[in-house]
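The residues making up each chain are set out below.
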Amino acid sequence: MPPKAPYADTQMSAFLTQRMLELRPRKSQTQIADEAGFVNPNILSMLKAGKSKLPLDRVPALATALDCDPSRLFRMAVAQSSYRTTGAVIDEIFGTIVSRNEVIWLSELREASENKDPALTSRARTTLRGIFGK
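1. A word on the layout of surface pockets
Reasoning step 1: Taken as a whole, the largest pocket holds about 590 Å³ of empty space.
Reasoning step 2: Surrounding the largest pocket, 14 residues form its lining, Trp105, Leu109, Leu120, Ala124 and Leu128 being those nearest its centre.
Reasoning step 3: Elements with a contribution of two residues or more to the lining of the largest pocket: helix H7 (100-112) and helix H8 (122-131).
Reasoning step 4: No other element matches H7, which puts 5 residues into the lining of the largest pocket.
Reasoning step 5: A class-by-class count of the residues in the lining of the largest pocket yields 10 nonpolar, 2 polar and 2 charged.
Reasoning step 6: Of the pockets and cavities examined, the second largest pocket occupies roughly 250 Å³.
Reasoning step 7: Taken together, Gln11, Phe15, Cys68, Asp69, Arg72, Leu73, Arg75, Met76, Ser99, Arg100, Asn101 and Glu102 make up the full set of residues lining the second largest pocket.
Reasoning step 8: At the level of elements, helix H1 (11-23), helix H5 (70-80) and H7 are the ones that each hand at least two residues to the lining of the second largest pocket.
Reasoning step 9: Here the lining of the second largest pocket is built from residues that sort into 4 nonpolar, 3 polar and 5 charged.

Here it is as structure tokens:
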């Protein structure tokens, strides 16, 4: 049995596979690769299969090509690349990286609480998890 691809079970691999399916037939894999500035469109197949990891410097262009949030894609790319060290440094310098959607959730939370900075109670946690079926 051949060895498993090193990044096959990552969020990045699953996300890219799903996102490219969602963009089809409007955008082909070759078009996405071209828009992201990849010379070889096969790199996307390698990323989806988990054979390669996404270099951090390629995140902004690929996010634009995939029409997705760059912060979310960045978090997935960091998780692929020695996350324990890189992720810890990024968290220390920048704090928690949030996506555009998370910023909207936070804004709504502040508005709903009238900017009172409420603690997360067990009831609120249960309610929030219920929204997501957890």
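2. Observations regarding the nonpolar core
Reasoning step 1: Counting residues in each nonpolar core, the largest one holds 22 residues, and the members touching the most others are Leu44, Leu54, Leu62, Leu66 and Leu73.
Reasoning step 2: At the level of elements, H1, helix H2 (29-36), helix H3 (42-49), helix H4 (59-66) and H5 are the ones that each hand at least two residues to this core.
Reasoning step 3: Apart from residues no more than four positions distant in its own chain, Leu44 is found in contact with Met20, Gln29, Ile32, Ala33, Phe38 and Leu62.

3. Here's the deal with the side chain of Gln80
Reasoning step 1: Mapped onto the elements, Gln80 comes out in helix H5.
Reasoning step 2: A relative accessible area of 6% means that Gln80 is categorised as buried.
Reasoning step 3: Within the local environment of Gln80, its side chain forms a polar contact with the backbone nitrogen of Leu54, the two atoms lying 3.0 Å apart.
Reasoning step 4: In this structure, Gln80 is in contact with Tyr7, Thr10, Met12, Ser52, Lys53 and Leu54, ignoring residues within four places of it in sequence.

Thresholds applied
Residues numbered from 1 in each chain as written. Predicted model: local features only at pLDDT ≥ 70, side-chain atom pairs only at ≥ 80, totals over all residues. Heavy atoms only, no water. 1 Å grid on protein atoms, 1.4 Å probe; cavity = no way out; pocket = protein on both sides within 12 Å on 5 of 7 lines; lining within 4 Å. Points joined across faces, edges and corners; volume = space filled by probe spheres on them. Helix = DSSP H or I, 4+ residues; strand = E, 2+ residues; numbered from the N terminus. Nonpolar A, V, L, I, M, F, W, Y, C, P; charged D, E, K, R; others polar. Core = buried A, V, L, I, M, F, W, Y, C linked by side-chain atoms within 4.5 Å. Buried < 20%, exposed > 50% of the residue type's maximum accessible area, 1.4 Å probe, protein only. Contact = heavy atoms within 4.5 Å. Polar contact = N/O pair within 3.5 Å; in protein donor to acceptor, adjacent residues only side chain to side chain.

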